[in-house]
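# Structural overview
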Amino acid sequence: MSAYANRPLLYVSQHHDAMLCRLLAQRGWKISFASNLHDLNALPHGAQPVAALLDLHCGFSDAELESFEPWLSQPQIGWIAIIAGRDALTDAARRLLGLYFIDYYTAPFEPADLAHSLGHAQGMAQMRPGVQRAVAGTSRADGMIGNCSAMQTLFRGIEKVSRWDTPVLISGESGTGKELAAQAIHRASERAQKPFVAVNCAAIPPTLLMSELFGYERGAFTGATKRKPGRIEMAQGGTLFLDEIGDMPLESQTSLLRFLETGRIERLGGTESVEVDVRIISATHVDLEAAIAAERFRGDLYHRLCVLRVRQPPLRERGSDILLIAEHVLEGVRKQSPARIRGFSPMALRAIQQHNWPGNVRELINRIRHAAAMCEDGVIQPADLELAAPAEERPQTLAAIREAAEQHAIVEALQRHHERLIDVAAELGISRVTLFRLMRDYKLQVRKSDVGLVCVQG
Ligand SMILES: Nc1ncnc2c1ncn2[C@@H]1O[C@H](COP(=O)(O)OP(=O)(O)O)[C@@H](O)[C@H]1O
Ligand SMILES: [Mg+2]
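What you see is a predicted model; the values in this text were computed from it and never measured.

### Observations concerning the overall build of the protein
Per the secondary structure count, the protein includes 20 helices and 16 strands. Overall, the protein is about 70 × 70 × 50 Å in size when its C-alpha atoms are taken along their principal axes. Among the 458 residues that make up the protein, the fraction classed as buried is 46%. Sequence separation of 24 or more characterises 70% of the internal contacts of the protein that already satisfy a separation of 6 or more. Of note, the protein has its 51 positive side-chain charges centred 2 Å away from the centre of its 53 negative side-chain charges.

Right, here's the structure in full:
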């Protein structure tokens, strides 16, 4: 029994069959119930389902069924359907059943039989290529991989901020997954069914940014032959993701601030103002507080954007997650590769762990793609990744081991307490003065702009 206890099961239906759930719970299934896509996306991230039940006989529309496709297509979940009868299936339902389901039951059915099949569905899903690894490494629906405490803190932060309809600022180095996080927040929010529109403020020339954001009326400037809505308007009802907000020119900052204060925009060359309801998520790799001090960024805009804050940890702070992500990336590359790729050599794995990853996950992906093309005999070596061969591991002194453990404990406690130093010192049983000294010795900095998740203001 114990091997079968607490198996996460997803139950998607428009009505909750309590009797069925009781029986399934007795068989060791831990059930998460969802009646629409929004519920699915809001499920806690810890419990990755291994099997799932979709009740098709209770009136989902085709559009709703199709919105479940990102979930149906996850190879690590074995899906079983309940249907009213084959004749009652729409084309859309038929297509999804054929593509993604291991079995179906026609109502009325014997619940014990269904429970039995769910166990098989779990087993079958685990035999799909690549799944064992994904199950071991908690790959989430939004594509973010991470088991370390820094990533768990991030996932909890994402979950919390998605419940609020206030602006969020995501800070973190380039390539750490800020855009993925923004999408995850959107998908878990009330606005999930509405558009997610991304604007990269650094990639659009400053002269074009205003018209991109606010749109224009016909004749607003030479070449404006017809009205064009801006990206803010295109995100109506949904989320506007302002990437690299730190690179936004001051002129656009002023207009953006006006929009945030009034909830209205004016297209360039226009006279009427249009009401737009969007949630702003912004991201930056620059230290905005320093930019404010240097008068490159407006302080009042900063306070509007940064009601909630999420910090993406750099890859080098994620411990063995680096290897999990590397394996996951290689799995993807393998599928596209014309040659057979067997994997990383032990030296390559050590080199990956020792590299500092200034370009974070993006750099890791690029190096692996490059290595997959360059490697010989299907085994990736450090040189294929263009990484230095790993340093020899020398026996460590007791003092070095103690220091490393001490440093590790402080970093973990800082993350756990969102870098509130009083709580960190209390947990570690040291005075704040000692904590400051240790942080100085280990070169650990807490910058105000880098705290994990801060409070909600007004
Ligand atoms: N935790 C993660 N697990 C797997 N892939 C990730 C993770 N974080 C980022 N990525 C991938 O890394 C790349 C860079 O992420 P992105 O969100 O564009 O970073 P940023 O916006 O911070 O520069 C993307 O291809 C993204 O899918
Ligand atoms: Mg980005």
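### Some remarks on the domain arrangement of the protein
As assigned here, the protein comprises domain 1 (2–136), domain 2 (149–311), domain 3 (316–380) and domain 4 (401–450). For domain 3 and domain 4, the distance between their C-alpha centroids amounts to 32 Å.

### A closer look at the sheet that holds strand β6 (residues 168–171)
The parallel open sheet is built from 5 strands, whose spatial order is β7-β10-β13-β6-β14. Edge positions in the sheet fall to β7 (196–200) and β14 (308–311), since each has one partner strand and no second. Taken over all neighbouring pairs, the strand axes of this sheet differ in orientation by 20° on average, direction set aside. For β6 and β14, the ladder comprises 4 bridges, and the chain directions are parallel. What sits directly across from Leu 169, in β14, is Arg 309.

### Remarks on the site of ligand 1
Neighbouring ligand 1 are 16 residues, the closest being Ile 145, Gly 175, Lys 178, Glu 179 and Arg 362. Lys 178 places a main-chain nitrogen or oxygen 2.8 Å from an oxygen atom of ligand 1. A total of 560 Å² of accessible area belongs to ligand 1 in isolation, and the protein chains cover 83% of it. Of all elements in the fold, only α9 (178–187) and α17 (360–374) reach the threshold of two or more residues within the shell around ligand 1.

### Here we look at the pattern of salt bridges
Per the counting criterion, the structure on display carries 19 salt bridges. A salt bridge links Arg 267 to Glu 233; its shortest N-O distance comes to 2.9 Å. Pair noted here: Arg 267 is in the loop between β11 (264–265) and β12 (274–275) and Glu 233 is in helix α11 (residues 231–234), with a separation of 34 residues, a long-range link. Judged by its relative accessible area of 8%, Arg 267 falls in the buried class. The salt bridge partner of Arg 267 is Glu 272, with a shortest N-O separation of 3.5 Å. The class of Glu 272 is partly exposed, set by a relative accessible area of 44%. Connected through salt bridges with shared partners, the residues Glu 217, Arg 227, Glu 233, Arg 267 and Glu 272 form a single ionic network.

### Structural notes on the packing of helix α18 (residues 398–416) against helix α20 (residues 432–441)
Between α18 and α20, the shortest axis-to-axis distance is 11 Å and the interhelical angle comes to 115°. With respect to each other, α18 and α20 are oriented roughly perpendicular. As for the relative orientation of α18 and α20, their crossing is left-handed in sense. For the pair formed by α18 and α20, the contact residues are Glu 406, Ile 410 and Leu 414 on the first element and Leu 435, Leu 438 and Met 439 on the second.

Cut-offs and rules
- Residues numbered from 1 in each chain as written.
- Chains lettered and ligands numbered in written order.
- Predicted model: local features only at pLDDT ≥ 70, side-chain atom pairs only at ≥ 80, totals over all residues.
- Heavy atoms only, no water.
- Helix = DSSP H or I, 4+ residues; strand = E, 2+ residues; numbered from the N terminus.
- Buried < 20%, exposed > 50% of the residue type's maximum accessible area, 1.4 Å probe, protein only.
- Contact = heavy atoms within 4.5 Å.
- Lys, Arg positive; Asp, Glu negative; His and termini not counted.
- Charge placed at Lys NZ, Arg CZ, Asp CG, Glu CD.
- Domains from an automatic or database assignment.
- Pairing = 2+ DSSP bridges.
- Axes fitted to C-alpha atoms, helices over the stretch in contact; angles between N-to-C directions.
- Near = heavy atom within 4 Å.
- Polar contact = N/O pair within 3.5 Å; in protein donor to acceptor, adjacent residues only side chain to side chain.
- Areas by Shrake-Rupley, 256 points an atom, 1.4 Å probe, with all protein chains shown as cover.
- Salt bridge = Lys/Arg side-chain N within 4 Å of Asp/Glu carboxyl O.
- Parallel < 35°, antiparallel > 145°, perpendicular 65-115°, else oblique.
- Left-handed = near helix turned anticlockwise from the far one by under 90°.

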